[in-house]
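These are the residues of each chain, in order.
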Amino acid sequence: MRMLSPDMETSTLATNLDTQTAPLPIRVTIWNEGRYEKNRPEIASVYPVGIHGAIAQALNNAGGIQARGVTLDDMEHGLTDEVVDSTDVMIWWGHGHHADVDDRIVERVHKRVLAGMGMVVLHSGHFSKIFKRLMGTTCDLKWRDTGERETLWVTRPGHPIVEGIDDHFVLDKEEMYGEYFDVPEPESTFLISSFEGGEVFRSGMTWTRGAGKIVYFRPGHETFPTYYDKRVQRIIENAVRWAHPLWGKVGYGERKMGWVNREQTNPTGS
Ligand code: ZN
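Attention now goes to the overall build of the protein chain. A tally of helices and strands in the protein chain yields nine helices and nine strands. Evaluated residue by residue, the protein chain yields a buried proportion of 37% over its 270 residues. Long-range contacts, defined as pairs at least 24 residues apart, comprise 72% of the intrachain contacts of the protein chain with a sequence gap of at least 6.

Given below as structure tokens:
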């Protein structure tokens, strides 16, 4: 006997079951400003295919992930309805041009996060319009760009995002970010960094907004080859797998009937 009802929740469940039997690749869109790589030769030499390109290569080699990169200067910043709607997890890297991101596009991405798209915000993306919108705070922090040693300590052993990571790892040269970092209290803090200068920073945190899972991961200043580091790549890969939505669609609205009378009032199951 078929138990399908006219409301949307059943078809959502069906979609979910289909993907469990035949897992589809996680569709990742990496958003990058992409201007430094064009305008500053010293950064182009570190990331010849762009920061988005470097991250996409690592993710596409990881298995079960289909990653593409888009940039600020693409049409609609590369985030057309079609692209956003076909993204399971978005990764965001921005720095000098947050203000150039059109509010309509921010609105589009925000809506999709609330509907379940995962969002992984990297490094200076902390000041992006989308992250500030999702957090509701200033997202401000302390910083110093002198290229100093960063030690990242795992504070949630067993958390899926730090799977395969030792109890700590070191990046020889990075920009310093220091507390206080003005974000809402996270649901989990999986990494804390210490820097040569003595500052500390919550470098890996998670939140939920609507049905969407959000990750902030700190490293990745554009002048350093951070996104080639295997530990950094592993954490981004883990974050993508953790944040990808398990449900295709969230159902809202009026329910014409409850469970008890369902078969009686819909005897054909059509
Ligand atoms: Zn930076």
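Next up on the list: helix α4 (residues 50–60). In terms of burial, α4 is largely enclosed, as eight of its 11 residues are buried. When we look at burial in α4, the residues that qualify are G50, I51, H52, A54, I55, A56, A58 and L59. Contact partners of the buried residues in α4: β1 (26–32), α2 (36–39), β2 (65–71), β3 (89–93) and α8 (230–243).

On the secondary structure map, E179 appears in the loop between β6 (168–178) and β7 (188–195). For the pair E179 and E199, spaced 20 residues apart in sequence, the C-alpha separation works out to 7.2 Å. Excluding its chain neighbours within four sequence positions, the residues that come into contact with E179 are V200 and F201.

Here we come to the pairing of β1. Burial analysis of β1 places six of its seven residues in the buried class, which makes it a mostly covered element. As judged from the seven bridges shared by β1 and β2, these two strands associate in the parallel manner. Pairing of I30 across the sheet is with G69, part of β2. Bridge analysis of β1 against β3 gives five bridges, and the strand direction is parallel. Pairing of T29 across the sheet is with M90, part of β3.

Turning our eyes to something else, we now look at α8. A rise of 1.5 Å per residue sets the reference length of α8, with its 14 residues, at 20 Å; its end C-alpha atoms lie 20 Å apart and thus fit the reference within 8%. Considered for burial, the residues of α8 that qualify are V232, I235, I236, E237, N238, A239, V240 and A243. Close packing links the buried residues of α8 with β1, α4, β2, β3, β4 (118–122) and β9 (212–217).

The residue after E179, namely Y180, is reached through a cis peptide bond having omega 15 degrees. Tracing the chain through its elements places Y180 in the loop between β6 and β7. Notably, E76 is not glycine yet its phi reads approximately 55 degrees, a positive angle. By secondary structure assignment, the location of E76 is in the loop between β2 and α5 (81–85).

What follows covers the sheet that holds β4. Read from one edge of the open sheet, nine strands run β2-β1-β3-β4-β9-β8-β7-β5-β6, paired in mixed fashion. Because the sheet does not close on itself, it has two edges, and the strands there are β2 and β6. Averaged over all adjacent pairs, the angle separating strand axes in this sheet is 25 degrees, with direction ignored. Lying over the sheet, α4 contacts β1, β2 and β3, oriented at roughly 175 degrees with respect to β2.

Attention now goes to the nonpolar core. Formed by 53 residues in total, the largest nonpolar core has its most connected members in I55, I91, V120 and V240. With near-sequence residues (within four places) excluded, I91 lies in contact with V28, I30, W31, I55, V120 and L122.

Further remarks concern the environment of C139. Within the element layout of this structure, C139 appears in the loop between α7 (129–135) and β5 (142–154). In this structure, C139 is in contact with H126, F127, F131, K132, D182 and V183, ignoring residues within four places of it in sequence.

One can find V106 in helix α6 (residues 103–114). Look at V106 and you get buried, because 20 C-beta atoms sit within 10 Å. Considering only alpha carbons, one finds V106 and S128, 22 residues apart in sequence, at a separation of 9.5 Å. Not counting residues within four places of it along the chain, the set of residues in contact with V106 comprises V101, K129, I130 and R133.

Thresholds applied
- Residues numbered from 1 in each chain as written.
- Predicted model: local features only at pLDDT ≥ 70, side-chain atom pairs only at ≥ 80, totals over all residues.
- Helix = DSSP H or I, 4+ residues; strand = E, 2+ residues; numbered from the N terminus.
- Buried ≥ 20, exposed ≤ 12 C-beta atoms within 10 Å, placed from the backbone.
- Contact = placed C-beta atoms within 7 Å.
- Pairing = 2+ DSSP bridges.
- Expected span 1.5 Å × (residues − 1).
- Axes fitted to C-alpha atoms, helices over the stretch in contact; angles between N-to-C directions.
- Core = buried A, V, L, I, M, F, W, Y, C linked by C-beta atoms within 7 Å.

These figures capture arrangement, not role.
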